[in-house]
Amino acid sequence: MAEQLRAAGIGLEFLTRELQDSHAPSGVMFAVLAALSGMEREYIRDRTLEGHESARSRGKTIGGAAVTDAAMLSMVLHLRDQDLSLRDIAARLLITKGKKKGGHPSPATVLRMLREHDANAAAAPATG
């Protein structure tokens, strides 16, 4: 990426002075700064994932509060049987608790509910 930026004529400028041409030692400095930035981004990502894993092992949940419940799932299944789109299903639902009370769940939330329901239904042994 550093090479692409340099080829496009984009330079790195410090508050006190500009980095010089790619022939000067500053070209190396630009590449080193780009590499360090990438390493730092990976380090932050790894530490964040470790923190999430540690929290989960202690029984903590990651992410926002759940906005779905059994009644909403029942309605989602009923509306799916009517061949409505995810967007139409989400527009007909209301969140009944939490900070998002009175709002609509996203189509992604509806899709997740359906996938989890279908996976649980497939995993449950057939009785009969």
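Residues numbered from 1 in each chain as written. Predicted model: local features only at pLDDT ≥ 70, side-chain atom pairs only at ≥ 80, totals over all residues. Heavy atoms only, no water.

On to the environment of Met72, then. With respect to the helices, strands and loops of the structure, Met72 is situated in helix 3 (residues 70–81). With 23 residues separating them along the chain, Met72 and Ile95 place their C-alpha atoms 8.2 Å apart. Discounting residues that sit within four places of it in the chain, Met72 has contacts with Val67, Leu93, Leu94, Ile95, Pro105 and Met113. (Helix = DSSP H or I, 4+ residues; strand = E, 2+ residues; numbered from the N terminus. Contact = heavy atoms within 4.5 Å.)

Let us look at the pattern of salt bridges. Applying the stated rule across the entire model yields four salt bridges. A salt bridge links Glu50 to Arg47; the shortest N-O distance between them is 2.9 Å. Of this pair, Glu50 and Arg47 both sit in helix 2 (residues 25–57), separated by three residues, roughly a single helical turn. One salt bridge in this structure joins Arg80 and Asp118, with 2.9 Å as the shortest N-O distance. Here Arg80 is found in helix 3, whereas its partner Asp118 is found in helix 5 (residues 107–123), with 38 residues between them in sequence. Judged by relative accessible area, which is 34%, Asp118 ranks as partly exposed. (Salt bridge = Lys/Arg side-chain N within 4 Å of Asp/Glu carboxyl O. Buried < 20%, exposed > 50% of the residue type's maximum accessible area, 1.4 Å probe, protein only.)

Within the secondary structure, Thr68 sits in the loop between helix 2 and helix 3. By relative accessible area, which is 19% here, Thr68 ends up buried. With residues up to four places along the chain from it excluded, the contact list for Thr68 reads Lys97, Thr109, Arg112 and Met113.

Below, the discussion takes up helix 3. Across its twelve residues, helix 3 extends 17 Å between first and last C-alpha, which sits within 8% of the 16 Å expected from 1.5 Å per residue. On its buried face, helix 3 sits against helix 4 (86–92) and helix 5. Where helix 3 terminates, the next one or two residues include Asp83, which has phi positive at roughly 60°. (Expected span 1.5 Å × (residues − 1).)

On average, residues of the protein chain score 83 in pLDDT, and 83% of them are at 70 or above. Helix 4 holds the highest mean pLDDT among the elements of the protein chain, 94, whereas helix 1 (residues 2–7) holds the lowest, 72. (pLDDT = per-residue confidence, 0-100.)

What follows concerns the packing of helix 3 against helix 5. Their axes nearest at 10 Å, the elements helix 3 and helix 5 cross at an angle of 90°. The orientation of helix 3 relative to helix 5 falls into the category roughly perpendicular. From helix 3, Met72, Leu73, Val76, Leu77 and Arg80 reach across to helix 5, where they touch Val110, Met113, Leu114, His117 and Asp118. Looking at the contact of helix 3 with helix 5 residue by residue, the class counts come to seven nonpolar, one polar and two charged. (Axes fitted to C-alpha atoms, helices over the stretch in contact; angles between N-to-C directions. Parallel < 35°, antiparallel > 145°, perpendicular 65-115°, else oblique. Nonpolar A, V, L, I, M, F, W, Y, C, P; charged D, E, K, R; others polar.)

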